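Per-entry structural report
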Amino acid sequence: MAAAPELLPYKQIREDLFRPLSGVSRRYVLATCLAFIVGAAGLAAWVYQLRRGMGVTGLQRPVFWGFYIVDFVFWIGISHAGTLISAILRLTDAAWRKPVTRAAEAITVFALMIGAMFPVIHLGRAWLFYWLLPYPNSRLLWPNFRSPLLWDLTAIVTYLTGSVIYLYLPLIPDMAQLAEHNTPWRRKLYRALALGWTGSDREWHALERAMKLMACIILAVAISVHTVVAWDFAMSIAPMWHSTIFGPYFVTGAIFSGIAALLVALTALRKVLHLESYLKWHHFNNLAKLLLLMSLLWLYFTLAENLTVWYGNEPREMAVFGARTRAQYAPYFWTMVALNFVIPFVLLGIRRLRTIATATIAAVCVLAGMWLERFVIVVPTLANPRLAAASRGYAPTWVEIAITAATFAAMAMLYMIFSKLFPIIAVWEFKPHPEEDED
Amino acid sequence: MYLIGEFREKKAVAEAIRALRAGGVTPAEMDLFSEEPIKLPRGVLDRPSRMSLASVLGAIAFGSLATAFIYWVQHNYRLVTGGMPIFSFWATGVITFEMTMLGAIAATFAWFLWESGLVRKRDRGAPVPEADPGSIRLRVRCRVDDAPQAIESMRRAGAVEIERRNHD
Amino acid sequence: MEHRWGMAIDLDRCTGCEACVVACHAENNLPVSSPEQAGKGRTDHWIRIDRYYEGEFPDVKVKYMPVLCQHCDDAPCEPVCPVYATYHNGEGLNVQVYNRCVGTFYCANNCPYTVRYFNWFAPEWPEPLHLQHNPDVSVRVAGVMEKCTFCIHRIKRSKQDAARDGRALADGDVQPACVQSCPAEAMVFGDLNDPQSKVSRAAGSGRATRLLEELGTKPKVFYLQKVK
């Protein structure tokens, strides 16, 4: 076995992990520019939609929610990568978490920022989005706090605040170190972010205590956030949305897609930043096992959700069920089952097949599958309302596709910029702790 | 004046702190500097913390304020929607929870800034030793008369180097 | 509550002529969709005629059902709106405040009757229809939700007229455009608080049912049909 990362000399760890921050390769510039162009195209599509009206989307009565809401749920789901996984691993003191947590927490922050844009993008009058914020209008009328959308707003604000702090806290010691030797503007940035960190024991004590508390809080918040997202649907009385199982079902799906996103990000980081001696097989193996576990849990929920509807045989629910599994949305449904269960189960369940490469392939499949899952949940229900005479299908337009593509590009771009500015692995956490065993 | 002793081992630091405390130096006058968290045995240099309490209080304050606020808002401008009561804990529960959590987050972060001394430098002029990888530095604030005794305690515990510094 | 407005529609009388649809368009400044948009399902009819077919061709029976906002007492669309653009007013009407709407679509998704309509683009009228707008009804901008109001402007006008003449509002004083234009006289509008009004008597008759009543929305539109 090669040297475990914990035994690498500290100086080398520091060099290895700080090296990616300096210097910009041509491929990096190219990738960032590409992401920027795709993102800008999406922005242009949104401006077009703002100027012309929501009619440029494929939405129509009765399918009033489409790609944008699917994207919203998808990205909020991805955001569970981080904080939730890193909080669980922190609380259970899993030693293998160390090189994984910051990469995961960064995913959370960016996915949340992107996800939170979608409720605005899909507004009929997006320029008035601030009317949803809790402030009174000229007649002293405040927003309607009974609306699940207000619940969403508070949940996302809380989660974003919490996960930014959760990402920031363990960055502080690294910032202080980075501020020591660096180019002038970076030194200024890092020094400002380090808040005058000196490495005193009071600071370390406070940091460790704060991280423990934050891990507990963020765990509760993360679960509540996706539950509230699920309740956007479950609070309505639409067939197959009005389901008590939606809260835990969505949380499961969110963690599932979050782990997949983390796996993809780690593979990319390992390859691009040459972190082979830090992100090792056992990290991927552990995450792959977690992914497999979540895949089975997801299957269980999907089964519980659909079997009860089929057996209950209530006509309006069956119309949605039929559209999902037999009629126009059946290809999406069964592709989803293949991507979320069959492929990961084969690739990760058979030990001989489980490698870093196959785990990444499975993760990509899960990401696509979980996007489809949200589509299969959102659209067929709306397309089959209670009055059958009002039924209609839905097909997205280029505007929706461009904006969706742009968010993936934005995620890549934000992540690339982040990994250039901050060490993607927490350096101080990674240090050799030879005396730790004595206590 | 300040004494800064450099140590290589955690045990030596613990020894030195014990000796200094026996000599009358309080924990508030001592600071450890290192590049990584140093875990000392209980009772050596404890830093009692009220962060959990602050977090709980912040949570209760935010949660109850938010709920009371929604109660006031909805009674202030009575609009009926969907036959629901003007105010009900069912419809407000999620916001109560989220604001409770936001309170906990805000209080924890604020308390972290306060307790760590990042926003509240105890003595601004105190010299801050450069912490090299692997070394642990102990800074002691003492009167000039007590310095020789403190230096002796640290040296006996295994300090590699001891430096006398004044206020910057 | 002084009034509680409701409607009764006699399905045995309805011929599916869509006069009510046309009247509603003219009365409420409903935009006219282009053929392409209409093909996509982006039509704007506050009242629509749903058709249900029974039997196999050529032995088909068509049933018509005018569907408009049911002005539910416990309307599912209301609590989900984050900005109070839709709420319940003092006369039991489910009102829509266009200027407050930001277009979250949530109300429309939560309406089991699918009677909420969205302004996908800025409204347009082919000439010369743009010259015949009703001054009592606002024209809605792009990006807001709208729906049947039970011709609330007519209710207000009738109340003002009655107050000016110093008399109480009589049954039949208020007639929404659809009711007024129905050639088969299949629709009745009135005050459900007045037990003697035509609509109250229709609602109390054995033929009255309400649409999707089992959802507990307590709709105020009553459908009359022969119970087999």
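Helix and strand content of chain A: 15 helices and 0 strands. In terms of its C-alpha atoms, chain A occupies a principal-axis envelope of roughly 70 × 60 × 45 Å. The buried share of chain A, reckoned over its 439 residues, is 52%. When contacts within chain A are restricted to residue pairs at least 6 apart in sequence, long-range pairs at least 24 apart make up 80% of them.

Now for the confidence of the model for chain C. When pLDDT is averaged across chain C, the result is 93; 99% of the residues are at 70 or more. Model confidence for the complex is summarised by a pTM of 0.94, with the ipTM given as 0.92.

Turning next to the interface of chain C and chain A. Size of an interface: often given as the accessible area lost when the parts come together. Between chain C and chain A, the contact holds 36 residues from the first and 35 residues from the second. The set of elements that each furnish at least two residues to the side of chain C that touches chain A consists of strand 2 (48-54), helix 3 (106-109) and strand 6 (117-118) of chain C.

Take the sheet that holds strand 8 (residues 187-191) of chain C next. Within a sheet, neighbouring strands are paired by backbone hydrogen bonds and run either parallel or antiparallel to one another. Residue and element names in this part refer to chain C. An order of 8-1-10-9 is seen for the 4 strands of this open sheet, with the pairing classed as mixed. This sheet does not close on itself; its edge strands, each paired only once, are strand 8 and strand 9 (208-209). Bridge count between strand 9 and strand 10 (residues 221-224): 2 bridges; the pairing is antiparallel. Note on strand 10: the bridge partner recorded for threonine 209 is tyrosine 223.

Ala103, Ile107, Ile259, Leu262, Leu291 and Val366 of chain A together with Met187 of chain C are the most contacted members of the largest nonpolar core, which totals 218 residues. With residues near it in sequence (within four places) discarded, isoleucine 259 of chain A still touches Ala81, Ile85, Leu287, Leu290, Leu291 and Met294 of chain A. If you look at the next biggest cluster of nonpolar residues, it comprises 21 residues, including Leu20, Met30, Leu138 and Ala157 of chain B.

To continue, consider helix 9 (residues 201-234) of chain A. End to end, helix 9 of chain A covers 48 Å across 34 residues, agreeing with the expected 50 Å (1.5 Å per residue, within 8%). Burial within helix 9 of chain A is extensive, with 25 of its 34 residues counted as buried.

On the chain B side, the residues contacting the 9 residues of chain C number 6 residues. Its residues placed into classes, the side of chain C that touches chain B shows 5 nonpolar, 1 polar and 3 charged.

Another point: the sheet that holds strand 2 (residues 30-33) of chain B. Residues and elements named next belong to chain B. The antiparallel open sheet is built from 4 strands, whose spatial order is 2-3-1-4. Both outer strands of the open sheet, strand 2 and strand 4 (161-165), are each paired with one neighbouring strand and no more. Adjacent strand axes in the sheet meet at a mean angle of 20 degrees when their direction is disregarded.

All names here are of chain A. Looking at chain A as a whole, the pLDDT averages 90, with 96% of positions reaching at least 70. The low-confidence segment residues 1-5 (pLDDT under 50) makes 6 contacts with residues lying over four places distant or belonging to another chain. Every residue in residues 433-439 scores below 50 in pLDDT, and together they form 2 contacts with partners more than four places removed in sequence or on other chains.

A separate point is the pairing of strand 1 (residues 2-7) of chain B. Regular strands show a simple pattern: their side chains alternate between the two faces of the sheet. Residue and element names in this part refer to chain B. Across the 6 residues that make up strand 1, a large majority, 5, are buried. When strand 1 meets strand 3 (residues 136-141), the two strands line up antiparallel, connected through 6 bridges. Paired with leucine 3 across the bridge in strand 3 is valine 140.

Definitions and cut-offs
- Residues numbered from 1 in each chain as written.
- Chains lettered and ligands numbered in written order.
- Predicted model: local features only at pLDDT ≥ 70, side-chain atom pairs only at ≥ 80, totals over all residues.
- Helix = DSSP H or I, 4+ residues; strand = E, 2+ residues; numbered from the N terminus.
- Buried ≥ 20, exposed ≤ 12 C-beta atoms within 10 Å, placed from the backbone.
- Contact = placed C-beta atoms within 7 Å.
- pLDDT = per-residue confidence, 0-100.
- Pairing = 2+ DSSP bridges.
- Core = buried A, V, L, I, M, F, W, Y, C linked by C-beta atoms within 7 Å.
- Expected span 1.5 Å × (residues − 1).
- Nonpolar A, V, L, I, M, F, W, Y, C, P; charged D, E, K, R; others polar.
- Axes fitted to C-alpha atoms, helices over the stretch in contact; angles between N-to-C directions.

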